[in-house]
Every structure is written in C-alpha cells, then in structure tokens.
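Next come the chains, spelled out residue by residue.
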Amino acid sequence: MQTSLTYIIDRISSKNKLHAKKIKNNLQNFDENYFSRAELFFRKYQAVLQRENKTLDFAIDCYLQMVADINYETVQFMHTGEYSSKSFDEVNKRVYNNPDIMNYYVHGILMSQFLWAHHYNIQIFFSKIINEYSNNIVNYLEVGGGHGLYTSEAISIIGNKAKYDLVDISQSSIDIAKMMIDNNDVSYFLSDIFNFEPVRKYDFISMGEVLEHVENPVKLLKKLHSLLNDDGRLFITAPTNGPTIDHIYLFKNTDDIRSVIAMAGFEPEKEFCIYAEEVSPEVAEKYKVSMMYAGVLKKQK
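Residues numbered from 1 in each chain as written. Predicted model: local features only at pLDDT ≥ 70, side-chain atom pairs only at ≥ 80, totals over all residues. Heavy atoms only, no water.

## Some words on the overall build of the protein
Alright, step 1. Across its full length, the protein carries 12 helices and seven strands.
Alright, step 2. Taken over the C-alpha trace, the protein has a radius of gyration of 18 Å; the compact-globule value for 301 residues is 19 Å, and the two agree within 12%.
Alright, step 3. The principal-axis extents of the C-alpha atoms in the protein amount to approximately 55 × 45 × 40 Å.
Alright, step 4. Considering the protein as a whole, with its 301 residues, one finds that 53% of them fall into the buried category.
Alright, step 5. For the protein, restricting intrachain contacts to residue pairs at least 6 apart in sequence, the fraction spanning at least 24 positions comes to 74%.
Alright, step 6. Carbon together with sulfur atoms contributes 48% to the accessible area of the protein, which is approximately 14,000 Å² in total.
Alright, step 7. The protein carries 32 positive and 39 negative side-chain charges, and their two centres are separated by 1 Å. (Helix = DSSP H or I, 4+ residues; strand = E, 2+ residues; numbered from the N terminus. Rg over C-alpha atoms; globule rule 2.2 N^0.38 Å. Buried < 20%, exposed > 50% of the residue type's maximum accessible area, 1.4 Å probe, protein only. Contact = heavy atoms within 4.5 Å. Areas by Shrake-Rupley, 256 points an atom, 1.4 Å probe, with all protein chains shown as cover. Lys, Arg positive; Asp, Glu negative; His and termini not counted. Charge placed at Lys NZ, Arg CZ, Asp CG, Glu CD.)

## Observations regarding the nonpolar core
Alright, step 1. Counting 47 residues, the largest nonpolar core has Ile12, Phe42, Tyr45, Tyr63, Met111 and Leu115 as its most contacted members.
Alright, step 2. Those elements that place two or more of their residues in this core are helix H1 (4–15), helix H2 (17–27), helix H3 (32–51), helix H4 (56–80), helix H5 (88–96), helix H6 (99–115), helix H7 (117–133) and helix H9 (171–181).
Alright, step 3. If sequence neighbours within four positions are ignored, Tyr63 has contacts with Ile12, His19, Ile23, Gly108, Met111, Ser112, Leu115 and Trp116.
Alright, step 4. Judged by nonpolar contacts, the second largest core, of 28 residues, contains Val167, Ile193, Phe251 and Val260. (Core = buried A, V, L, I, M, F, W, Y, C linked by side-chain atoms within 4.5 Å.)

## Structural notes on the packing of H6 against H7
Alright, step 1. For the pair H6 and H7, the least separation of the axes is 6 Å and the interaxial angle reads 80 degrees. Classified by the angle between their axes, H6 and H7 sit roughly perpendicular to one another. For the pair H6 and H7, contact is made by Ser112, Gln113, Phe114 and Leu115 and by Ala117, His119, Tyr120 and Gln123, respectively.
Alright, step 2. Of the residues that constitute the contact of H6 with H7, the class distribution is four nonpolar, four polar and no charged. (Axes fitted to C-alpha atoms, helices over the stretch in contact; angles between N-to-C directions. Parallel < 35°, antiparallel > 145°, perpendicular 65-115°, else oblique. Nonpolar A, V, L, I, M, F, W, Y, C, P; charged D, E, K, R; others polar.)

## Quick look at the pattern of salt bridges
Alright, step 1. Across all of its chains, the model carries 15 salt bridges by this definition.
Alright, step 2. Linking Arg37 and Glu153 is a salt bridge whose minimum nitrogen-to-oxygen distance equals 3.8 Å. Pair noted here: Arg37 is in helix H3 and Glu153 is in helix H8 (residues 149–158), with a separation of 116 residues, a long-range link.
Alright, step 3. Taking relative accessible area as the criterion, Arg37 reaches 21% and is therefore assigned partly exposed.
Alright, step 4. Here Lys223 and Glu197 are joined by a salt bridge, their closest N and O atoms 3.0 Å apart. Residue Lys223 is located in helix H10 (residues 217–227), and its partner Glu197 is located in the loop between strand S3 (186–190) and strand S4 (202–208); the two are separated by 26 residues in the primary sequence.
Alright, step 5. Here Glu197 falls in the exposed class, since its relative accessible area comes to 61%.
Alright, step 6. Connected through shared salt-bridge partners, Arg233, Glu269 and Lys298 make up one network. (Salt bridge = Lys/Arg side-chain N within 4 Å of Asp/Glu carboxyl O.)

## Brief notes about the sheet that holds S3
Alright, step 1. Ordered by their spatial adjacency, seven strands build an open sheet running S3-S2-S1-S4-S5-S7-S6, and the pairing between neighbours is mixed. Only two strands of the sheet have a single neighbouring strand rather than two, namely S3 and strand S6 (266–275). With strand direction ignored, the average angle separating the axes of adjacent strands in the sheet is 15 degrees.
Alright, step 2. Here seven bridges tie strand S5 (residues 228–240) to strand S7 (residues 291–299), and the two strands are oriented antiparallel to one another. Note that in S7 the partner of Thr237 across the bridge is Ala294.
Alright, step 3. Strands in contact with H7 are strand S1 (139–143), S4, S5, S6 and S7; relative to S6, the strand with the most contacts, it is inclined by about 145 degrees. (Pairing = 2+ DSSP bridges.)

## Some remarks on the environment of Phe272
Alright, step 1. Tracing the chain through its elements places Phe272 in strand S6.
Alright, step 2. Spatially, the C-alpha atoms of Phe272 and Val296 are 9.1 Å apart, while their sequence positions differ by 24 residues.
Alright, step 3. When near neighbours in sequence (up to four residues on either side) are disregarded, Phe272 contacts Asn121, Ile122, Phe125, Met292, Tyr293 and Ala294.

Rendered as structure tokens:
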C-alpha cells in the first residue's frame, strides 16, 4: 500500500529528481517513529487540503516553488554574503500581504516540516521539552504559529489543563494553523507581536523561526520577556545562514544568536543545534551551510 510520504516523494522525483534524492537520503536516518508521525501528519494535512478543494499535488507544487525560491536566494547569498530583503516593511508588502505568494509559501513551509531532516529533528526536541515542562504550563503562547505544529504538540501532551493562544501577523498563516490544530479551545490573534497586549502572562512561549524575520531581534525577545512569567520558559528556533524570500536578520553563527538572547535578558537552559545538510563543521563553515538553533530560555536572574 502506497503511503502519503511515498506518493509525495514519487511526485517530487517526477519534477525534481535531484531534490527527491536528497529527501530519500534524509529518510535513511529515521526510525519507524518518524514514518508513523509523518503518515499521521500528511493524512491530516490532506483532509485540510480537501476542505479547501485542494489536492496533495497542489501542496507538492507549492513546496517545490518554495525550494526554487530558496535555491535562488542561496545563489544570491553566496555572491553577496547578505540576505536580499533588508526591512520588515519590504517583506510585509512583498510576501506577507501578498496572497499569491503566501498561498504557496505557507503550504511549502508546512510540507518541509516532515521532508527536511533538521525541521523534523527540531520537532522531536520540542516534544521532549514540552514533556519535561508540561506540569508547569497553564498559559501557553505560540508566536508566529503558521503551521500550528508546536501548539498541536503542546495540546497532545498537556491536554486541556492549559489555555492556548496563538498570534501571527498573517491571516493566511492563521487560517492554516486553525485547520491543522483543529481545536476550538485555542484563541487566535491576528496581530503584530509588538501590538499584542494579552491580559495575562505566560508560563511557556514557543516561537519557531521568527527572529530572522525582524530587523531588531533583541527588541522582539524583550517583548517576549515582558509576556513571560518570571519562572516561565521561552522556546525559540532560528537559522544561521538561511536565505529565503522573507529573512531579514542574518545570524552568521550560533554565537550571534546567543548574543541577542543575552542582550534581551535571557539565558539558554537547554540547546539543540543541527545543520540543514549532512556535512562536517569544516565544510559547513566554508560553504555557509545553514544551521538550525533551538533553545529553551529562562530569564536572567
């Protein structure tokens, strides 16, 4: 019986054999838990697509368009050493407020969560963290929750003993998150995080791959510092050397990320780092291979 994952890989192979080969190489390192989780995810995702009168083939095309964008941005980055986007206003107009782009970009990002090894491994790390801190979480917030996977995972582990909020600047992202989370108890807020003023503070905040989307990551982290209880925890992820159509702030290495963490009044309690490609640190540094940083942060005493 053909699984959703094998169908996706076969379709990608028919359109981009080189990229399909990369995905297959990634899958060789995964255990049965991955394949079970991936099949559950893609079945749920297909149900979401059907509600929008879309197909898995549509999502595959969205994913490949996103990959093409990243390839183009990577070539430019290797030439200039800079991201092509320089301001949030520019990205907001060109990407977040452009339905044509967001229509494929959100779906492309969603697909990557189980097609990219580093994205999946970050998910597993997050799951372990939520399990560890679950007894202390009553109020949970996800910032920039476009795919909703972090909130979904938190709900599956913590259950209904916590209250869940999700804030995002993009209506397209919120629409997808609502369908993927599929829980009426989650409150959604269409807002710039700097304009978000909740009535309570949070015990746990998750923010996946948002720091690189702003011009001043220290300011953003300070905002989250103000939203977090004194004994709360902030979970963040951010890439180094990760050019895409909407990345603004360039972290050249993990020390750059730790620097803004410290300037915002946080300190890492737990960390996990993984390269986007299976290469040695020496090769990664030479060719500016992206590394994904994940950290559980607590307030400095």
